[in-house]
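Now for the letters of each chain:
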Amino acid sequence: MHCALWRFFVAATLLLSSIVRASADDGAIIDRWYSALLAADRGELAELLADDVRMTLDDIGVVQTKQDFIASIDEWQGAVAGATIRHRIEKSENGQTTVLACYDFPNNDTLMRETFTVAGGRITASTQTAVAQDCSGY
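Residues numbered from 1 in each chain as written. Predicted model: local features only at pLDDT ≥ 70, side-chain atom pairs only at ≥ 80, totals over all residues. Heavy atoms only, no water.

A. Representation of the nonpolar core in the model. Of all hydrophobic cores here, the largest spans 26 residues; its most connected members are Trp33, Tyr34, Leu37, Trp76 and Tyr103. If you tally residues by element for this core, the top one is helix H1 (residues 2-39), at 6 residues. Apart from the residues lying within four places of it in its own chain, the contact partners of Tyr103 are Tyr34, Leu37, Trp76, Thr84, Ile85, Asn108, Asp109, Thr110, Met112, Glu114, Gln128 and Cys135. (Core = buried A, V, L, I, M, F, W, Y, C linked by side-chain atoms within 4.5 Å. Buried < 20%, exposed > 50% of the residue type's maximum accessible area, 1.4 Å probe, protein only. Helix = DSSP H or I, 4+ residues; strand = E, 2+ residues; numbered from the N terminus. Contact = heavy atoms within 4.5 Å.)

Now the structure itself:
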């Protein structure tokens, strides 16, 4: 009986450590995402996105493919000039990470809740929803 309990403890510890590592890896991917987004770095953004990614912009009812998103970077580059993006992870579990992000543009700011699904080191899905028209709630 004691041996079975010990095996259970070891298995549970290994499982928990793999979940913690996966969450840490997902957090690093999310950090890279926001850095690349702020720099409008097409190459890095393309590397972070899975080929079949679906990016949902809830507020405007748009779903973008990887190609759609990368094609929009020229316009984004002008919009993000002089901006900052602050983000913090609210929760991360089972390959899904929810982030509160403040997009602080030179003339306005907005608070967003973004959910990323990460698998195999790439973002496979993203959903973005506005929380507020300013970042006072950040």
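B. Region of interest: the pattern of salt bridges. Tallied over the full model, the rule gives 5 salt bridges. The partner of Arg42 in a salt bridge is Asp74, and the shortest N-O contact between them spans 2.2 Å. With Arg42 in helix H2 (residues 42-48) and Asp74 in helix H4 (residues 73-80), the pair connects residues that are 32 residues apart, well separated along the chain. Judged by its relative accessible area of 30%, Arg42 falls in the partly exposed class. We classify Asp74 as exposed; its relative accessible area is 55%. Residue Arg113 pairs with Glu90 through a salt bridge whose shortest N-O separation is 2.7 Å. Pair noted here: Arg113 is in strand E5 (residues 109-119) and Glu90 is in strand E3 (residues 84-93), with a separation of 23 residues, a long-range link. We classify Glu90 as partly exposed; its relative accessible area is 38%. Beyond isolated ion pairs, a larger network of salt bridges with shared partners links Arg32, Glu44 and Glu47. (Salt bridge = Lys/Arg side-chain N within 4 Å of Asp/Glu carboxyl O.)

C. Geometry of the confidence of the model for the protein chain. Averaged over every residue, the pLDDT of the protein chain is 86; the share at 70 or more is 83%. The low-confidence segment residues 1-23, where pLDDT is below 50, has 1 contact with residues more than four positions distant or belonging to other chains. (pLDDT = per-residue confidence, 0-100.)

D. Geometry of the sheet that holds strand E1 (residues 49-57). Read from one edge to the other, the open sheet built from 6 strands follows the order E2-E1-E6-E5-E4-E3, with strand pairing classed as mixed. Each edge of the open sheet is held by one strand with a lone partner, namely strand E2 (62-64) and E3. Taking the axes of each pair of neighbouring strands and ignoring which way they run, one obtains an average angle of 20° across the sheet. Bridge analysis of E1 against E2 gives 3 bridges, and the strand direction is antiparallel. (Pairing = 2+ DSSP bridges. Axes fitted to C-alpha atoms, helices over the stretch in contact; angles between N-to-C directions.)

E. View of the pairing of E3. Here E3 pairs with strand E4 (residues 96-104) via 9 bridges, running antiparallel. Note on E4: the bridge partner recorded for Ile85 is Tyr103.

F. Summary view of the environment of Tyr34. Turning to its location among the elements, Tyr34 is positioned in helix H1. The contact partners of Tyr34, leaving out residues within four places of it in the chain, are Ile85, His87, Val99, Ala101, Tyr103, Glu114 and Phe116. In this structure the side chain of Tyr34 is engaged in a polar contact, spanning 2.5 Å, whose partner is the side chain of Glu114. (Polar contact = N/O pair within 3.5 Å; in protein donor to acceptor, adjacent residues only side chain to side chain.)

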